[in-house]
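Spelled out from the first residue to the last, the chains are:
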Amino acid sequence: MEKNCRFSKKCGGCAWLDMPYEEQLKKKEGQVRKLFKDLCSVRPVLGMEHPWHYRNKVSAAFARTRDGKIISGTYEEGTHRVVPVEHCLIEDETADRIIGTVRGLLKSFRIRVYDEDTGYGLLRHVLVRRGFATGQVLVVLVLASPVLPSKNNFVKALRKEHPEITSVVINVNDRKTSMVLGDRDIVLYGRGYIEDRLCGKTFRISPQSFYQVNPVQTEVLYGKALELAALTGRERVVDAYCGIGTIGLIASDRVSEVIGVELNRQAVKDAIWNARRNGVKNARFFEGDAGEFMTAMAAEGERTDVLFIDPPRAGSTETFLDAAVRLGPERIVYISCNPETLARDLKYIRRKGYRAHEVWPVDMFPWTESCEAVCMLSKIRDWQKRR
Ligand code: SAH
């Protein structure tokens, strides 16, 4: 099943490109086994059937070579040198073609690429998002200033080549930063977001909002998370680090109430919209730091029956976990894109009256070293008495 990639050495994105897929899965499972051996039972890794072109979000940096050629691709590992990448084995192929078209249009539209050293030039990055189930495509042009010359004609030329594009947005990033996106979005065409379907529900995803990059495996991951939550229809559920509300909204048919919390303003707006879009009436979403939000809930004596946690790579915080325990959930389902911080947080919650039962590694990122995992914990009933 191995394939060749002539960009791989410099790009470094697929560190395991030379390893057969079955072996990658074993290795990921092995890593999780090692980390969790004294914590809970480790279940078999959930791999992907066709592990190619799974990334629904593709971002390319742009640069000019010394001889004036415009290139686009990823940064060479650990540097800000752009490696020209025209095809990628894990990225969505439509997205790669669109980025190629943008590259080809720059010269005739006299759009200069941004130079990080001098600060001159306009185009910094292009980000493409594609709805796996809907086919909707959003193109985000990340510019150093809000003005794109002949913008309407540019959009027209782009859509002529790619009629599948449903929206084009300018994102203004005028800061000296290695972050791809700035704060401001200007919609040039379409609705300014894509929609995608996951587990029977439809979700709006704005340029700034987090959305899982591997939609096929996301359904596997969420399916397992919901199974582990063992919902009966009566539960009050907290979805912490909820993004655009995916997990909570997918669970909403099987619970009495969903409360979601998320730091990113645009994502919270998407979550609220997504609840309405799917006719979900029992879900509320709040903007804020998850730790502060949970602490405030605990201080008001609120309770929850099931808690979903899905933090970024750094994991959760002790403030969050202290408050989480005070809300008294019977079950905690913790989803993590970093097994190390998951194991660290499990060790912490275990000291507070919870037992970790099982962890499932899920391969969301084939050919790379990253591993996702979902773990279930439950409250130890007579824990206070036993102490
Ligand atoms: N559960 C969602 C999102 C998971 S990614 C999904 O499956 O799609 C993690 C999310 O945590 C991101 O949306 C990020 O914006 C959010 N986040 C990061 N730090 C946070 C914090 N301190 N409090 C609340 N949310 C945070």
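That block above? That's the structure.
Thresholds applied
Per chain, the residues get numbers from 1 upward, laid out in the order the sequence is written. With pLDDT at 70 or above as the cut-off, local features in this predicted model cover only qualifying residues; side-chain atom pairs require 80 or more to be listed or tallied, and sums for whole chains, interfaces and linings still use all residues. Side-chain measures here rest on the full set of heavy atoms in the structure, leaving out hydrogens and waters. Strand pairing is assigned whenever DSSP identifies at least 2 bridges connecting the two strands. A run of DSSP states H or I qualifies as a helix once it reaches four residues; a run of E qualifies as a strand once it reaches two. Both are numbered from the N-terminal end. Whether two residues are in contact is decided by their heavy atoms: any pair within 4.5 Å suffices. Axis definition: a line fitted to C-alpha atoms, over the contacting stretch in the case of helices. Angles run 0 to 180 degrees between N-to-C directions. Categorising residues by exposure relies on relative accessible area from a 1.4 Å probe, with only protein chains included: less than 20% of the type maximum marks a residue as buried, more than 50% marks it as exposed, and the intermediate range marks it as partly exposed. We define proximity as follows: a residue is near a molecule or strand when any one of its heavy atoms falls within 4 Å of that partner. Whenever a nitrogen or oxygen atom comes within 3.5 Å of another N or O atom, the pair is scored as a polar contact, on the condition that within protein one atom can donate a hydrogen and the other can accept it, and that pairs from neighbouring residues in sequence are kept only if both atoms are in side chains. Only the protein chains shown count as cover for residues, and the accessible areas themselves come from Shrake-Rupley with a 1.4 Å probe. Orient the strands so they point away from the viewer; a crossover is then right-handed if the path from the first strand over the helix to the second runs clockwise.

**Student:** Talk me through the sheet that holds strand S16 (residues 354-362); I want residue IDs and the actual numbers.
**Tutor:** With mixed pairing, eight strands are arranged side by side in an open sheet as S1-S16-S17-S15-S14-S11-S12-S13. At either end of the open sheet lies a strand with only one pairing partner, and these are strand S1 (41-42) and strand S13 (283-287). Bridge analysis of S1 against S16 gives two bridges, and the strand direction is parallel. Opposite Val-42, over in S16, you have Val-359 as the bridge partner. The sheet contacts of helix H10 (residues 339-350) involve strand S15 (331-336), S16 and strand S17 (372-379), and relative to S15 the element is tilted by about 160 degrees.

**Student:** Quick one: what's the story with the environment of Pro-20, residue by residue and with numbers?
**Tutor:** Position of Pro-20 relative to the elements: it lies in the loop between helix H1 (8-11) and helix H2 (21-36). Classification of Pro-20 by relative accessible area gives partly exposed; the value is 31%.

**Student:** Just give me the short version of the site of the ligand, but keep the residues and values in it.
**Tutor:** Near the ligand lie 16 residues; those nearest to it are Tyr-222, Glu-262, Asp-289, Ala-290 and Asp-310. Contact between the ligand and Leu-263: a nitrogen atom at 3.2 Å from a main-chain N or O atom of the residue. Between the ligand and the protein, one listed contact pairs a nitrogen atom with a side-chain N or O atom of Asp-289 at 2.7 Å. Taking 580 Å² as the accessible area of the ligand by itself, protein coverage stands at 87%.

**Student:** Tell me about the pairing of strand S11 (residues 236-240), and please be specific about residues and values.
**Tutor:** Here S11 lies mainly inside the structure; five of its five residues are buried. Burial along S11 is two-sided: Arg-236, Val-238 and Ala-240 facing one way and Val-237 and Asp-239 facing the other are all buried. Pairing geometry for S11 and strand S12 (residues 257-262), over five bridges, is parallel. Along S12, the bridge assignment pairs Ala-240 with Val-261. Note that the unit made of S11, helix H6 (residues 246-251) and S12 has a crossover that is right-handed. Direction of pairing for S11 relative to strand S14 (residues 306-309): parallel, over a ladder of four bridges. Within the sheet, the bridge partner assigned to Val-237 lies in S14 and is Val-306.

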